[in-house]
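# Residue-level structural notes
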Amino acid sequence: MSGWQASILTLYPDMFPGPLGHSLSGRALEKGLWNCDPVNIRDFATDKHRTVDDTPAGGGAGMVLRADVLGKAIDATSNAQDTRPRLMMSPRGKPLTQHRVRELVAGLGVVLVCGRFEGVDQRVIDGRNLEEVSIGDYILSGGEVAAIALLDACIRLIPGVMGAQASGEDESFEHGLLEYPHYTRPAVWEGATIPAVLTSGDHAAVERWRRDQAIRLTRERRPDLLADDGGPATSS
Ligand code: SAH
């Protein structure tokens, strides 16, 4: 099969493609630039009630996704020849970055495991080499929304998905800085004008202004993104 292959293991396959069936990613899906393959974990349950979870060993609240059921679902989706990385959405995982997104897009696709309940039996995470990935320091009710966020970030970078290739390269994080502010018509809105430099026609001055703004915003909001030495020098 051609196109970037996204296999998503979930208890809610109807959530996919969901929002990814719209706009940029929806058109890319129609064009076959990526493929959406939701796999229902419940199809791999073996008892007559199609049970996928059980109580935590050691006691405590909630339920845990069973290793045997999820293990079978993974093996049926991704065989030994499949070189795609296997990611599990998890608040315990490494925070997702634009750098990791670019790496994932450069490959053939991804196998994504969406957790539910308290989480997933650790033995399947270890036994199937699942790379835990977080989309932020907060708890979602399930991995599906996190998977959609990860896929959205990847799909827009697949070659041919974005009209103007350049628009992907000027975003926040791509140069280690937050993006500068944008303006468009009308020239005056509720008494507020557009910074004069942007309408001056002086392209070098516009570039300088944007870079200075990007550095200012990054210092204010995300000093952690700037290098220890204080980050990129201002152009002024
Ligand atoms: N008890 C777990 C949270 C379970 S939330 C803990 O404290 O770590 C249920 C599922 O939602 C998780 O298995 C995971 O797949 C998904 N999830 C929740 N928050 C997430 C986040 N910030 N990033 C990625 N996935 C998340």
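This structure is a prediction, so every number in the text was calculated from the model and none was measured.

Procedures and definitions
Residues numbered from 1 in each chain as written. Predicted model: local features only at pLDDT ≥ 70, side-chain atom pairs only at ≥ 80, totals over all residues. Heavy atoms only, no water. Pairing = 2+ DSSP bridges. Helix = DSSP H or I, 4+ residues; strand = E, 2+ residues; numbered from the N terminus. Domains from an automatic or database assignment. Near = heavy atom within 4 Å. Polar contact = N/O pair within 3.5 Å; in protein donor to acceptor, adjacent residues only side chain to side chain. Areas by Shrake-Rupley, 256 points an atom, 1.4 Å probe, with all protein chains shown as cover. 1 Å grid on protein atoms, 1.4 Å probe; cavity = no way out; pocket = protein on both sides within 12 Å on 5 of 7 lines; lining within 4 Å. Sits in = over half its atoms within 2 Å of the grid points. Nonpolar A, V, L, I, M, F, W, Y, C, P; charged D, E, K, R; others polar. Buried < 20%, exposed > 50% of the residue type's maximum accessible area, 1.4 Å probe, protein only. Lys, Arg positive; Asp, Glu negative; His and termini not counted. Salt bridge = Lys/Arg side-chain N within 4 Å of Asp/Glu carboxyl O. Contact = heavy atoms within 4.5 Å. Arc of directions from axis to C-beta.

### Some points on the sheet that holds strand 4 (residues 64-65)
- Spatial strand order, 3-4-7: three strands in an open sheet with mixed pairing. Each edge of the sheet is formed by a strand with only one pairing partner; in this case those strands are strand 3 (53-54) and strand 7 (119-120).
- Relative to strand 4, strand 3 runs antiparallel, the two sharing two bridges. Its bridge partner lying in strand 4, Asp 54 is registered against Val 64.

### Some words on the domain arrangement of the chain
- Structurally, the chain comprises domain 1 (4-155) and domain 2 (170-225).
- The distance between the C-alpha centroids of domain 1 and domain 2 comes to 37 Å.

### Some thoughts on the site of the ligand
- If you check the shell around the ligand, you find 18 residues, and the closest are Met 89, Gly 115, Glu 118, Gly 136 and Tyr 138.
- With respect to the ligand, the backbone of Ser 90 contributes an N or O atom lying 3.2 Å from a nitrogen atom.
- Against a free-state accessible area of 560 Å², the protein chains account for coverage of 85% of the ligand.
- Among the cavities detected, the one that contains the ligand is the largest pocket.
- Put simply, the parts of the chain that give the shell around the ligand at least two residues each are strand 5 (86-95), strand 8 (131-134) and helix 5 (143-155).
- At three residues, the largest contribution of residues to the shell around the ligand is made by strand 5.
- Counted by class, the shell around the ligand contains nine nonpolar, seven polar and two charged residues.

### With respect to the side chain of Asp 53
- If you trace the backbone, Asp 53 turns up in strand 3.
- For the buried Asp 53, no salt bridge exists, and the shortest N-O distance to an oppositely charged side chain is 5.8 Å, to Arg 42.
- When residues no more than four places from it in sequence are discounted, the contact partners of Asp 53 are Met 63, Val 64, Leu 65, Arg 66 and Phe 117.

### Structural notes on helix 1 (residues 23-30)
- Residues of helix 1 that are buried include every one of Ser 25, Gly 26 and Ala 28, and no others. The buried side chains of helix 1 occupy one side of the element, clustering within an arc of 160° when seen end-on. Those residues of helix 1 that are exposed and angled more than 90 degrees off the buried face are Ser 23 and Glu 30.

### Some words on the side chain of Asp 121
- Its place among the elements puts Asp 121 in the loop between strand 7 and helix 4 (122-127).
- Discounting chain neighbours no more than four positions away, the residues touching Asp 121 are Val 64, Leu 65, Arg 66 and Ala 67.

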